[in-house]
Amino acid sequence: MATAAENIKPARRGLDPLDLYDIRSELDEDEQLVQDTTARFVDEKVIPIIGEAFDEGRFPRELVPEIAQLGLLGSSIEGYDCAGLNSVCYGLICQELERGDSGIRSFVSVQSSLVMYPIYAYGSDEQKQRWLPPLARGEAIGCFGLTESHGGSDPGNMQTRAKRDGDDWILNGSKMWITNGSIADVAVVWAQTDDGIQGFIVEKDMPGFEAPEIKHKFSLRASITSSLFFDNVRVPDSNRLPKVKGLKGPLGCLTQARFGITWGAIGAAQACLAEAIDYTSSRVLFDRPVDQTQTIQRRMADMARRITLAQLMSLRLGRLKDAGRMQPTQVSLAKWNNVRTAIDIARDARDILGGAGITVEHSPIRHMLNLESVITYEGTETVHELVVGRELTGHNAF
Ligand code: TGC
Ligand code: FAD
């Protein structure tokens with residue numbers, strides 16, 4: 001299998017340093033194939049260019065056709081030119097992509113879980129026929145507008161409003177921090193109506209709709225982040241998602257995306273551990289490779305311990321999801337745990353690489369900076385802790 005482990009010298013006792021519990025053997029043949037195919041794409045196409053793209057603050061859009069051709073967009077959806085894979089496959093796709101860069105995984109998460117999923121789950125037959133095939137083929141790009149500038153953790157307090165006007169709706173308001181926004185052909189936008197929160201498919205050429213890019217980011221530099229502005233945008237009722245009303249609509253999409261992020265974080269952590277093992281094996285300090293010191297071994301052993309726990313959580317979550325038994329609180333626990341694991345590992349790996357660790361030549365600082373977004377978006381760490389706290393106590397402490 002082409003994994004980040006390939007860059008490391010053969011494992012000392014026959015174990016894969018990035019998979020100490022041989023999670024790989026728990027995957028069936030199809031799942032292994034999906035992992036290998038995505039891993040090969042990441043090794044051959046993403047890793048060679050991603051440091052430079054991050055440095056330039058550029059989303060490598062040239063990768064989109066191959067991402068689509070590999071069936072990585074809307075991979076869990078049946079029909080509509082989608083691959084119809086199980087949830088564990090979707091997780092493995094996210095894991096391998098984020099081993100390359102969180103920005104590439106973000107692109108796929110948003111397109112699959114936050115744009116195609118709501119159209120598939122809440123859309124009309126016409127909406128599905130019109131949008132899902134081009135989104136699956138990467139011919140159309142989508143974004144998801146939920147967060148507003150006055151407080152993303154509390155989306156129920158959104159100010160964006162849609163008012164009915166004959167056969168149309170008039171949309172006014174704005175969204176902030178929207179992945180893919182300025183390159184999106186279609187935005188799934190959540191707005192308050194007289195009948196509760198509803199979702200609308202806003203098309204990029206609709207008059208009054210603007211999506212300027214947010215520049216000067218230190219994080220997710222190889223991903224596009226934008227604001228969305230709606231100034232009396234006229235949206236036909238046929239573009240309203242008819243099958244859901246209320247906050248559970250957007251939160252249902254977040255559950256899908258957060259599930260993928262629990263896996264993605266593992267990939268970022270694996271990339272950082274791989275670099276730490278590789279670098280310390282040849283870095284000679286005080287007359288011996290630094291990986292022969294107790295402190296470095298303990299730090300890397302702790303990374304491996306935490307990666308193993310994260311792998312077990314995500315695989316269990318994936319099996320629960322495929323059995324139709326996964327609960328949002330379980331996703332919160334794993335999003336919190338796995339992203340915290342990844343960011344701690346990235347920061348420690350950066351330190352283990354010393355001064356070299358601050359350059360674009362090595363991935364830990366890039367993963368570390370990306371993970372500052374990942375720990376914030378899709379529910380901050382605090383939000384997920386409070387979701388678990390609510391489950392334990394029955395009290396809402398938000
Ligand atoms: P609450 O009363 O808990 O729930 C309202 C309704 O929603 C249902 N629900 C869920 N359904 C599915 N999945 C979930 N995770 C759900 N959580 C709640 C719930 O059952 C209820 O349904 P009903 O039928 O009773 O009406 O709502 P609350 O207002 O107390 O809020 C709870 C809280 C704080 C957890 C929620 O607001 C929240 O998750 N806040 C964080 C917001 C967030 O994560 N935003 C992410 C924006 S998108 C993004 O970041 C994309 S980045 C992607 C990338 O680039 O990769
Ligand atoms: P706030 O909600 O203002 O939170 C600020 C701080 O307060 C946080 O530390 C939080 O944990 C804490 N806090 C919140 N509530 C409580 C409480 N009750 N008790 C104690 N502490 C609390 N959104 C989209 O809709 N679509 C996207 O595609 C998208 N992409 C994104 C891409 C990037 C790169 C980033 C950075 C964000 C993206 N987001 C997107 C927005 C993201 O979901 C929000 O940033 C996130 O939900 C947090 O909202 P906020 O930034 O307004 O922070």
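Rules and cut-offs
Residues numbered from 1 in each chain as written. Chains lettered and ligands numbered in written order. Predicted model: local features only at pLDDT ≥ 70, side-chain atom pairs only at ≥ 80, totals over all residues. Heavy atoms only, no water. Helix = DSSP H or I, 4+ residues; strand = E, 2+ residues; numbered from the N terminus. Buried < 20%, exposed > 50% of the residue type's maximum accessible area, 1.4 Å probe, protein only. 1 Å grid on protein atoms, 1.4 Å probe; cavity = no way out; pocket = protein on both sides within 12 Å on 5 of 7 lines; lining within 4 Å. Points joined across faces, edges and corners; volume = space filled by probe spheres on them. Nonpolar A, V, L, I, M, F, W, Y, C, P; charged D, E, K, R; others polar. Domains from an automatic or database assignment. Contact = heavy atoms within 4.5 Å. Buried area = accessible area lost by both parts, 1.4 Å probe. Salt bridge = Lys/Arg side-chain N within 4 Å of Asp/Glu carboxyl O. Polar contact = N/O pair within 3.5 Å; in protein donor to acceptor, adjacent residues only side chain to side chain.

**What to know about unusual backbone geometry**
The bulk of non-glycine residues show a negative phi, and the bulk of peptide bonds are trans. In the Ramachandran plot, Phe-286 falls in the positive-phi region, its phi being about 50° despite a non-glycine side chain. Residue placement: Phe-286 occurs in the loop between strand 8 (284-285) and strand 9 (288-289). A relative accessible area of 81% places Phe-286 in the exposed class. One non-glycine residue, Asp-287, lies in the positive phi region at around 70°. According to the relative accessible area criterion, Asp-287 is exposed, its value standing at 79%.

**Focus: the layout of surface pockets**
The space that makes up the largest pocket amounts to roughly 1,300 Å³. Together, 48 residues line the largest pocket, and Gly-152, Thr-376, Tyr-377, Glu-378 and Gly-379 are the ones closest to its centre. Those elements giving two or more residues to the lining of the largest pocket turn out to be helix 4 (102-122), strand 3 (168-179), helix 6 (248-282), helix 8 (328-352), helix 9 (364-374) and helix 10 (381-393). Looking at the lining of the largest pocket residue by residue, the classes come out as 22 nonpolar, 18 polar and 8 charged.

**Here we look at the domain arrangement of the chain**
For the chain, the domain assignment lists domain 1 (10-136), domain 2 (142-239) and domain 3 (248-393). Look at where the C-alpha atoms of domain 1 and domain 2 centre, and you get two points 25 Å apart. In this complex, domain 1 contributes 26 residues to the contact, which on the side of domain 2 involves 20 residues. For the pair domain 1 and domain 2, the two sides together bury roughly 1,800 Å², of which 66% comes from carbon and sulfur. The largest contributions to the domain 1 side of the interface with domain 2 come from Phe-54, Phe-59 and Trp-131, which together make up 26% of the buried area. Our count for the domain 1 to domain 2 interface comes out at 1 salt bridge. The salt bridge involving Glu-203 is made with Arg-130; its shortest N-O contact spans 2.8 Å. The interface formed by domain 1 and domain 2 includes 6 residue pairs in polar contact (both at pLDDT 80 or more). With 11 residues, the single largest contributor to the side of domain 1 that touches domain 2 is helix 4.

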